[in-house]
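Inside the fold
For reference, the chains in residue letters:
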Amino acid sequence: MSVHSSSSVKRVTTHILQEMKDSGEKISMLTAYDFSMAKIVDSAGIDIVLVGDSASNVMAGHETTLPITLDQMIYHASSVVRAVKRAFIVVDIPFGHYQGNSSEALRSAIRIMKESGAHAVKVEGGSEIKESVSRILSAGVPVMGHLGLTPQSIYKFGTYTVRAKEEAEAKKLLEDAQMLEQCGCFAIVLEKIPAALAQKVAESVKIPVIGIGAGPDVDGQVLVMHDMLGITQEFKPRFLRQYADLQSIMTEAFQNYIKDVKERKFPTNSESY
Ligand code: KIV
């Protein structure tokens, strides 16, 4: 079903996302980084498109999300914005552009909003970035928080294993979620934490909580598009459900094309002028 079949498409807003939480309707969210893929995922009816800094991994081939720049994020985001008619579009502020300096955080958020046309920004962390979050919100820019496994801090964690299994870290995560809500964030992503803790967070804040590796009892789910489509095959954490095997489908298509070219079967007369 295409949600674009009628001429008037109702845009998803923070208000609609809040209504979805309040009514118990689960929120669907996927990443996208370019025009063509964003167009397909929006037509399929996704609620939120995240222009994630996972672009650093899946688009640029870096090992971590740290190297991607603000200019590169704006490039990806503006390509997505040109494609998406219905979904709410959130953009990650990349590493080094909001931590420890709230003025820079505000400048980064404003650049993303002005230059890409996206609808909100996402930042990783809790109490340590409170000032940056408040400053961005004071400019009227919606902010999505991100707690648990926060990939921009991978060198602090040293590993991509499940976070907040210990009581002290779980307590801080819950307090951080409540702090982000009090600051005015419109939603929070929880990555790779125990399902019971994620449920507790989702029940203790009024804003939508979107999980990735955080179990079923949150208000919505997010996955990285390239992982769920099976384009990336080397990344297979327990939480990832692969909905297609595009790597095999694409490899077969490329091989068939190469064979046809080599064997002079492409193009035929009907494919020529
Ligand atoms: O960058 C990203 O793709 C993300 C998701 C994993 C939530 O932050």
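The rules behind these values
Residues numbered from 1 in each chain as written. Predicted model: local features only at pLDDT ≥ 70, side-chain atom pairs only at ≥ 80, totals over all residues. Heavy atoms only, no water. Helix = DSSP H or I, 4+ residues; strand = E, 2+ residues; numbered from the N terminus. Buried < 20%, exposed > 50% of the residue type's maximum accessible area, 1.4 Å probe, protein only. Contact = heavy atoms within 4.5 Å. UniProt positions renumbered as here; feature names shortened; annotations may be inferred. Near = heavy atom within 4 Å. Polar contact = N/O pair within 3.5 Å; in protein donor to acceptor, adjacent residues only side chain to side chain. Areas by Shrake-Rupley, 256 points an atom, 1.4 Å probe, with all protein chains shown as cover. Nonpolar A, V, L, I, M, F, W, Y, C, P; charged D, E, K, R; others polar.

**Things to note about the environment of Pro194**
Along the polypeptide, Pro194 turns up in the loop between β6 (187–191) and α9 (195–204). On the basis of relative accessibility, which here comes to 26%, the residue Pro194 falls in the partly exposed class. For the pair formed by Pro194 and Val218, sequence separation is 24 residues and the distance between their alpha carbons is 12 Å. Filtering out sequence-adjacent residues up to four positions away, Pro194 remains in contact with Val162, Arg163, Ala164 and Lys165.

**Observations concerning the UniProt feature "binding site: Mg(2+)" (unreviewed entry) in the chain**
Per the UniProt record, "binding site: Mg(2+)" (unreviewed entry) is annotated on Asp53, Asp92 and Glu124. Maximum C-alpha separation among the annotated residues is 10.9 Å over a sequence range of 72 residues, consistent with a single clustered spot. Within the fold, Asp92 resides in strand β3 (residues 88–92). Each residue touching Asp92, except ones within four places of it in the same chain, is listed here: Leu50, Val51, Gly52, Asp53, Met73, Ile112 and Lys122. Judged by its relative accessible area of 6%, Glu124 falls in the buried class. Setting aside anything within four residues of it in sequence, one finds Glu124 in contact with Asp53, Tyr98, Ile129, His146, Thr150, Pro151, Gln152 and Ser153.

**What to know about unusual backbone geometry**
Geometrically, the link from Phe266 to Pro267 is a cis peptide bond, its omega value of 0 degrees lying close to zero. Here Pro267 is to be found in the segment after α11 (246–262). With a phi angle near 50 degrees, Lys192 is a residue other than glycine that sits in the positive phi range. If you trace the backbone, Lys192 turns up in the loop between β6 and α9.

**Some remarks on the site of the ligand**
Taken together, the residues surrounding the ligand are Thr31, Leu50, Gly52, Asp53, Ser54, Asp92, Lys122, His146, Glu191, Ile212 and Val224. A distance of 3.0 Å separates an oxygen atom of the ligand from a polar atom in the side chain of Asp53. Between the ligand and the protein, one listed contact pairs an oxygen atom with a side-chain N or O atom of Lys122 at 2.8 Å. Relative to its free-state accessible area of 260 Å², the ligand is covered by the protein chains to the extent of 96%. Residues of the shell around the ligand, tallied by class, amount to three nonpolar, four polar and four charged.

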